[in-house]
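For reference, the chains in residue letters:
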Amino acid sequence: EGEAYFEVASDSLRPFYIQMNGNSIKVLGTSFNVSNYASDGSWKTTLVEGRVEINNSGLVYTLTPGDHFTADRVTGKTKIVKVNPLQYSSWKDGKIIFHDERLEDIIRMLSRWYDFEVFYIHSELKDWHFGGAINKYNSFDVVLHYLERTANLRFDIQGKTVMVSSVD
């Protein structure tokens, strides 16, 4: 469980496998990101370079560079889309890049880095969309201030709790 970035050398005699939730990823010499948080509705992997084979509930999918694979935990539905892989792997280089992402998804990701709980005063704020890049080593206050400057948002911080509201 969690998120990891892998760079694996090709070795046909000793393949590298990642096992999770009864699914597996067979690595065929590659660089890729895996995100598998129990609190998320799906698990995901994004291929940066090389090739991987995913065994998800007995079905095998082969990814090529730029493929982003998603498997829904409840329905089992899978999806592969082409993406900019840096959006999913830049965290390892100290950046958080997002493109047209929901505020709720951005805040969930930030809460993992900065260890806080979030509450929304207005639930419709969860569906606001943002794009940008954040240095993940900035302080928590700086990151939230960045989001406040890009929209009519307000973050009230009390200890490890953040209240999100809109500025009227």
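Coordinates for the structure precede this section.
Rules and cut-offs
Residues numbered from 1 in each chain as written. Predicted model: local features only at pLDDT ≥ 70, side-chain atom pairs only at ≥ 80, totals over all residues. Heavy atoms only, no water. Pairing = 2+ DSSP bridges. Helix = DSSP H or I, 4+ residues; strand = E, 2+ residues; numbered from the N terminus. Axes fitted to C-alpha atoms, helices over the stretch in contact; angles between N-to-C directions. Contact = heavy atoms within 4.5 Å. 1 Å grid on protein atoms, 1.4 Å probe; cavity = no way out; pocket = protein on both sides within 12 Å on 5 of 7 lines; lining within 4 Å. Points joined across faces, edges and corners; volume = space filled by probe spheres on them. Buried < 20%, exposed > 50% of the residue type's maximum accessible area, 1.4 Å probe, protein only. Polar contact = N/O pair within 3.5 Å; in protein donor to acceptor, adjacent residues only side chain to side chain.

### A closer look at the sheet that holds strand S11 (residues 153–158)
- Taken in spatial order, the three strands of this open sheet run S9-S12-S11, and their pairing is mixed. What marks the edges here is a single partner per strand, and that holds for strand S9 (117–120) and S11. The mean angle between the axes of side-by-side strands here comes to 25°, regardless of whether they run parallel or antiparallel.
- Bridge analysis of S9 against strand S12 (residues 161–166) gives four bridges, and the strand direction is parallel. Bridge pairing in S12 links Tyr-120 to Val-164.
- Of the strands in this sheet, S9, S11 and S12 touch helix H2 (residues 103–114), which is tilted by about 160° from S9.

### Quick notes on the layout of surface pockets
- If you add up the space inside the largest pocket, you get close to 840 Å³.
- Among the elements of the structure, strand S3 (23–36), strand S4 (42–56), strand S6 (67–72), strand S7 (78–82), helix H1 (86–89), strand S8 (95–102) and H2 are those that each provide at least two residues to the lining of the largest pocket.
- Ranked by residues supplied to the lining of the largest pocket, first place goes to H2 with six residues.

### Observations regarding the side chain of Asn-23
- Within the secondary structure, Asn-23 is located in strand S3.
- Residue Asn-23 is classed as buried on the basis of its relative accessible area, which comes to 7%.
- A distance of 3.0 Å separates a polar side-chain atom of Asn-23 from the backbone nitrogen of Ser-57.
- Dropping the residues within four chain positions of it, Asn-23 is found in contact with Ile-18, Trp-43, Asn-55, Asn-56 and Ser-57.

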